[in-house]
Amino acid sequence: MCRKLVLILGLGLLATPGPVFAQDAVELAVTQRQIVAMPGAEKIVLLVRNSLITLNDALKTGNYTVLRDMGAPGFREANSAAHLSQIFADLVAKKVDLSAVAVITPQLSQAPGLDQEKGMLHLKGYFPGKPVQINFELLYQAVDGQWRLFGISVNPGAPVAAEMQGSQPNTAEKK
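Here's a quick rundown of the structure. (Residues numbered from 1 in each chain as written. Predicted model: local features only at pLDDT ≥ 70, side-chain atom pairs only at ≥ 80, totals over all residues. Heavy atoms only, no water.)

## Brief notes about the overall build of the protein chain
Selection rule: Helix and strand definitions follow DSSP, with helices as H or I runs of at least four residues and strands as E runs of at least two, each counted in order from the N terminus. With a 1.4 Å probe rolled over the protein chains alone, any residue whose accessible area is under 20% of its type maximum counts as buried; one over 50% counts as exposed, and the rest are partly exposed. In this description, contact between two residues means that some pair of their heavy atoms is separated by no more than 4.5 Å. Where accessible areas are quoted, they stem from the Shrake-Rupley method and a 1.4 Å probe; at the residue level, only the protein chains shown are allowed to cover.
Each helix and strand counted, the protein chain has 6 helices and 7 strands in total. Its helices and strands in sequence order give the protein chain the pattern β-β-α-α-α-α-α-β-β-β-β-β-α, from N to C terminus. For the protein chain, with 175 residues in total, the buried portion stands at 44%. The contacts of the protein chain with a sequence gap of at least 6 include a subset with a gap of at least 24, amounting to 64%. Total accessible area on the protein chain stands at roughly 8900 Å², and carbon and sulfur atoms take up 54% of it.

## Topic: the environment of S85
With respect to the helices and strands, S85 occurs in helix α4 (residues 81-87). Using a relative accessible area of 30% as the deciding quantity, one classes S85 as partly exposed. For the pair formed by S85 and Y64, sequence separation is 21 residues and the distance between their alpha carbons is 6.5 Å.

## A look at the pairing of strand β6 (residues 133-143)
One face of the sheet, then the other: side chains in a regular strand alternate in exactly this way. Rules: Two strands are counted as paired when DSSP detects at least two bridges linking them.
For β6, a buried count of 10 out of 11 residues is recorded, marking the element as mostly surrounded by other parts of the structure. When strand β5 (residues 120-127) meets β6, the two strands line up antiparallel, connected through 8 bridges. Across the sheet, F127 pairs through a bridge with I134, a residue of β6. Here β6 runs beside strand β7 (residues 146-157); their pairing, made up of 11 bridges, is antiparallel. Residue pairing for β7: Y140 is matched across the bridge by L149.

## What to know about the side chain of E137
Definition in use: Contacts described as polar in this section are N or O atom pairs within 3.5 Å, which, within protein, must combine one atom able to donate a hydrogen with one able to accept it, while residues neighboring in sequence count only if both atoms come from side chains.
Position of E137 among the secondary structure elements: in strand β6. At 2.8 Å, the side chain of E137 and the side chain of H122 are in polar contact.

## Observations regarding unusual backbone geometry
For residues other than glycine, phi is negative in most cases, and the peptide bonds are mostly trans. A cis amide bond, omega 10°, links K130 with the succeeding residue P131. In this structure, P131 sits in the loop between β5 and β6. Look at K95: it is not a glycine, yet its phi comes out positive at around 55°. Residue placement: K95 occurs in the loop between α5 (89-93) and β3 (107-108). In the Ramachandran plot, D144 falls in the positive-phi region, its phi being about 50° despite a non-glycine side chain. Inspection of the secondary structure puts D144 in the loop between β6 and β7.

## Some words on helix α1 (residues 41-61)
Basically, it comes down to this: A helix is expected to reach a length of 1.5 Å times the quantity of its residues less one.
For α1, built from 21 residues, the straight-helix expectation of 30 Å at 1.5 Å per residue is met to within 8% by its first-to-last C-alpha distance of 30 Å. The set of residues buried in α1 consists of I44, L47, V48, R49, S51, L52, T54, L55, N56, A58 and L59. On its buried face, α1 is in contact with α2 (65-69), α5, β3, β5, β6 and β7.

What follows is the structure, given as structure tokens:
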């Protein structure tokens with residue numbers, strides 16, 4: 001299974017703060033330029049779906065410029081469209097189709113995390129499916145009041161019971 005996480009600027013995966021008990025709970029992170037609030041559940045679903053649908057379009061067309069351009073400035077600087085094409089070549093070779101993410105509700109395997117210092121949002125979960133589920137890990141950076149893609153990992157795999165999702169080891173690779 002190919003699992004790649006496109007991370008930049010020497011930033012590792014962010015530690016997730018304690019569990020979020022209410023969907024509308026708000027955590028604030030003060031960055032140098034802005035105050036960032038934890039997005040609500042509906043916004044999180046939109047972020048995940050939009051990112052994976054954009055990746056699906058790139059996989060189908062071979063054009064990774066939109067995926068690159070929707071990213072945060074550091075993501076764009078570190079990843080050319082050609083580099084993204086190389087990173088996701090295994091998904092293309094396996095003919096992975098992510099179109100089901102448009103209609104299936106994503107399941108988060110850990111509480112959304114908001115890095116208090118950097119204004120980064122970390123989302124990890126999966127889209128259930130048989131015979132394959134789509135596992136994802138996404139990192140977003142707040143840029144001018146918008147969540148912009150900073151890291152992306154997609155790994156199709158065998159369905160795993162929901163209670164097991166949170167205990168899977170993190171095997172994402174830094175790119």
